[in-house]
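Per-entry structural report
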Amino acid sequence: RKDDYLLSGISEGQVVTVRMTSSAFAPYIFIIDLGTGAILGETGGATEAQLSFTVQSGISYLVRASSFNDGELGGYQIRTTSP
């Protein structure tokens, strides 16, 4: 399962942190350039995945929430923050 979230309301130079947690499966997140489909970053963990990046001009960012292992399903929380 993969859920996609388009980031909005962000501006060039802003540092964004994406955090995904789950007690049901090992979460895995991707940061994707919506225009090119290029993966700009990815990470995973046992119960938490967290990734920070600096917003660049001209890129529409997509966050893809997934699981480390294929076929894992369950509830999760995903949150973005910026200092």
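Structure: see above.
As a starting point, this report considers the structure included with it. (Residues numbered from 1 in each chain as written. Predicted model: local features only at pLDDT ≥ 70, side-chain atom pairs only at ≥ 80, totals over all residues. Heavy atoms only, no water.)

**Considering the sheet that holds strand β6 (residues 61-67)**
On the basis of which strands lie adjacent, the open sheet formed by four strands has the order β1-β6-β3-β4 and antiparallel pairing. The strands lining the two open edges of the sheet, one partner per strand, are β1 (3-6) and β4 (39-44). Sheet twist, expressed as the mean angle between neighbouring strand axes with direction ignored, is 15°. In this structure, strand β3 (residues 27-33) lies alongside β4, joined through five bridges in antiparallel fashion. Within the sheet, the bridge partner assigned to Ile29 lies in β4 and is Thr43. (Pairing = 2+ DSSP bridges. Helix = DSSP H or I, 4+ residues; strand = E, 2+ residues; numbered from the N terminus. Axes fitted to C-alpha atoms, helices over the stretch in contact; angles between N-to-C directions.)

**Brief notes about the sheet that holds strand β7 (residues 77-81)**
If you walk across this open sheet you meet the three strands as β5-β2-β7, and the pairing is antiparallel. At either end of the open sheet lies a strand with only one pairing partner, and these are β5 (48-54) and β7. Each strand axis lies, on average, 15° off the axis of its neighbour in the sheet, ignoring direction.

**Looking at the nonpolar core**
If you look at the biggest cluster of nonpolar residues, it comprises 15 residues, and the most contacted ones within it are Val18, Ile31 and Phe53. Secondary-structure elements contributing two or more residues to this core are β2 (15-21), β3, β5 and β6. (Core = buried A, V, L, I, M, F, W, Y, C linked by side-chain atoms within 4.5 Å. Buried < 20%, exposed > 50% of the residue type's maximum accessible area, 1.4 Å probe, protein only.)

**A few points about the packing of aromatic side chains**
If you walk through the whole model with that rule in mind, you get four aromatic pairs. Between the aromatic rings of Tyr28 and Phe68, the centroid separation amounts to 6.0 Å while the plane-to-plane angle is 45°, which identifies the pairing as tilted. Of this pair, Tyr28 sits in strand β3 while Phe68 is found in the loop between β6 and β7, placing the two residues 40 residues apart along the sequence. Using a relative accessible area of 16% as the deciding quantity, one classes Tyr28 as buried. Summarising the aromatic geometry, the rings of Phe53 and Tyr61 are spaced 4.8 Å apart at their centres and angled 35° between planes, so their arrangement reads as tilted. One aromatic cluster is present, formed by Tyr28, Phe30 and Phe68 through successive ring pairs. (Phe/Tyr/Trp six-rings, centres within 6.5 Å; stacked < 30°, edge-to-face > 60°.)

**Notes on the pattern of salt bridges**
Oppositely charged side chains can pair when the atoms bearing their charge come close. The full count for this structure, using the stated rule, is two salt bridges. Arg19 is paired through a salt bridge with Glu48; the nearest N and O atoms lie 2.8 Å apart. Linking Arg19 in strand β2 with Glu48 in strand β5, this pair joins segments that are 29 residues apart in sequence. (Salt bridge = Lys/Arg side-chain N within 4 Å of Asp/Glu carboxyl O.)

**A closer look at the side chain of Ser22**
Considering the arrangement of structural elements, one finds Ser22 in the loop between β2 and β3. Here the side chain of Ser22 touches Ala24 through a polar contact of 3.0 Å, landing on its backbone nitrogen. A polar contact is formed between the side chain of Ser22 and the backbone nitrogen of Phe25, at a distance of 3.3 Å. Residues contacting Ser22, with those up to four places away along its chain left out, are Pro27, Thr47, Gly75 and Tyr76. (Polar contact = N/O pair within 3.5 Å; in protein donor to acceptor, adjacent residues only side chain to side chain. Contact = heavy atoms within 4.5 Å.)

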